[in-house]
Amino acid sequence: DFVFSFVFLFLLSPLQVFAVIPRSDVIFVTDGARLLSKDTTSYIVEASRILYQLELIDYNVVTISDLGDSEMEDYADSIFEEYPLGDNGVLILVARGNGLLRVQVGSEVGDFIDEDTIDDYIDRYFTPYIEAGDWDTGIKNGYNSFYKLICEHYNLDASNIELLEEVDFNTKYSEYFVIGLSILATIFAV
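Residues numbered from 1 in each chain as written. Predicted model: local features only at pLDDT ≥ 70, side-chain atom pairs only at ≥ 80, totals over all residues. Heavy atoms only, no water.

Brief notes about the overall build of the protein
The line we're drawing: Runs of H or I in DSSP of at least four residues are treated as helices and runs of E of at least two as strands, each being numbered from the N terminus. The classification of residues rests on relative accessible area computed with a 1.4 Å probe and restricted to protein chains. Under 20% of the type maximum is buried, over 50% is exposed, and intermediate values are partly exposed. Note on contacts: a residue pair qualifies if any of its non-hydrogen atoms lie within 4.5 Å across the two residues. All accessibility values rest on the Shrake-Rupley procedure with a 1.4 Å probe; residue burial counts only the protein chains present in the view.
Scanning the protein for helices and strands turns up seven helices and four strands. The buried share of the protein, reckoned over its 190 residues, is 38%. Put simply, of all contacts in the protein between residues at least 6 apart along the chain, 63% involve residues at least 24 apart. In the form shown here, the protein has an accessible surface area of approximately 11,500 Å², with 54% of it arising from carbon and sulfur atoms.

As structure tokens, this is what we get:
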């Protein structure tokens, strides 16, 4: 009777079961979607290591190819639990195939980085580069934007951290220029 009740309750309970990408051997970066260059990966690892040593902030970047059937928020929550990132955790999660990006912070970091700031920084520092197809620059630039914000809060020197405010015209529009030239060449060839 007890076993039947347990099995019945287990089957009725809403469970979201999905596999979280395992944490890589490279602490602070798990690049499952292979969006980051070696230089960017090394940069993030070193910067996050310093931040962890100084303030115990566990700042991670995780990229995945696709979310599958899971929701972005649920996947981020699972990473927070599996890795575990804790109250001082900061996570940048990118799901390339879904075109989604999420920045999630632990409760202590959430005291000075709110949802409005997260949304603003995503729009300002990540999105322009990612929309231009430059995932590596977009992720690094977004990473730097939150890094500077964290350093500012803890009165740490972040003067060497570079933030790109605008997308270079050539980067953003070069793809459209090539397509336009191809169309013109096709029209004049006919």
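Structural notes on a negative patch on the surface
For clarity, the cut-off: Residues enter patches when they are more than 30% accessible in relative terms and free of salt bridges; like-charged ones are connected within 9 Å and nonpolar ones (Val, Leu, Ile, Met, Phe, Trp, Tyr) within 5 Å. The salt bridge criterion pairs a side-chain nitrogen of Lys or Arg with a carboxyl oxygen of Asp or Glu, the two atoms within 4 Å. When charges are counted, Lys and Arg are positive and Asp and Glu negative, with His and the chain ends excluded. To locate a charge, the coordinates of NZ of Lys, CZ of Arg, CG of Asp or CD of Glu are taken.
Taken together, the side chains of Glu71, Glu73, Asp114, Glu115, Asp116, Asp119, Asp123 and Glu131 make up a negatively charged region of the molecular surface. Ranked by the residues each element gives to the negative patch, the list is headed by helix α5 (residues 115–131), at five residues. Position of Glu115 among the secondary structure elements: in helix α5. Residue classification places Glu115 among the partly exposed residues on the basis of a relative accessible area of 48%.

Some remarks on the nonpolar core
What counts is decided by this rule: Take the buried Ala, Val, Leu, Ile, Met, Phe, Trp, Tyr and Cys residues and link them wherever side-chain atoms come within 4.5 Å; each set so joined is a nonpolar core.
Counting 34 residues, the largest nonpolar core has Tyr59, Ile92, Ile113, Tyr143, Phe146, Tyr147 and Ile150 as its most contacted members. For this core, the secondary structure elements donating two or more residues are α2 (38–55), β2 (58–64), β3 (89–95), β4 (100–105), α5 and α6 (135–153). Looking at this core, the element that brings in the most residues is α6, giving eight residues. For Ile150, the residues in contact, after removing those within four places along its chain, are Leu51, Ile57, Tyr59, Val90, Phe112 and Ile113.

Thoughts on unusual backbone geometry
The phi angle at Phe28 is positive, at roughly 85°, despite the residue not being glycine. Checked against the element boundaries, Phe28 lands in the loop between α1 (2–12) and β1 (29–31). Phe28 sits in the buried class, given a relative accessible area of 8%. Even without a glycine there, the phi angle at Leu56 is positive, about 60°.

Remarks on α6
Here is the rule: Each residue after the first adds 1.5 Å to the expected span of a helix.
For α6, with 19 residues, the first-to-last C-alpha span of 27 Å sits near the 27 Å given by 1.5 Å per residue. Counted residue by residue, α6 has 14 buried out of 19 residues, so it is predominantly covered. In the stretch just after α6, Asn155 is the one whose phi turns positive, near 55°.

Brief notes about the sheet that holds β4
Worth spelling out the cut-off: Strands pair, by our definition, only if DSSP identifies at least two bridges between them. An axis is simply a line fitted to the C-alpha atoms; with a helix, the fit covers only the stretch in contact. Between two such axes, the angle follows the N-to-C directions and lies from 0 to 180 degrees.
Spatially, four strands are ordered β1-β2-β3-β4 in an open sheet, and the strand pairing comes out mixed. At either end of the open sheet lies a strand with only one pairing partner, and these are β1 and β4. Taking the axes of each pair of neighbouring strands and ignoring which way they run, one obtains an average angle of 10° across the sheet. As paired strands, β1 and β2 are joined by three bridges and run parallel to one another. When the sheet's bridge partners are listed, Asp31 is paired in β2 with Thr63.

Here we look at the pairing of β3
The condition is simple: By the criterion used throughout, a crossover qualifies as right-handed when its path from the first strand across the helix to the second strand runs clockwise, the strands pointing away from the viewer.
Taking burial as the measure, the seven residues of β3 include seven buried ones, the bulk of the element. With seven bridges connecting them, β2 and β3 associate as parallel partners. By the bridge assignment, Thr63 is partnered in β3 with Val94. In this fold, β2 hands off to helix α3 (residues 72–82), which returns the chain to β3; that crossover is right-handed. Hairpin connection, β3 to β4: the antiparallel pair is bridged by four residues, and Gly99 has positive phi, about 65°.

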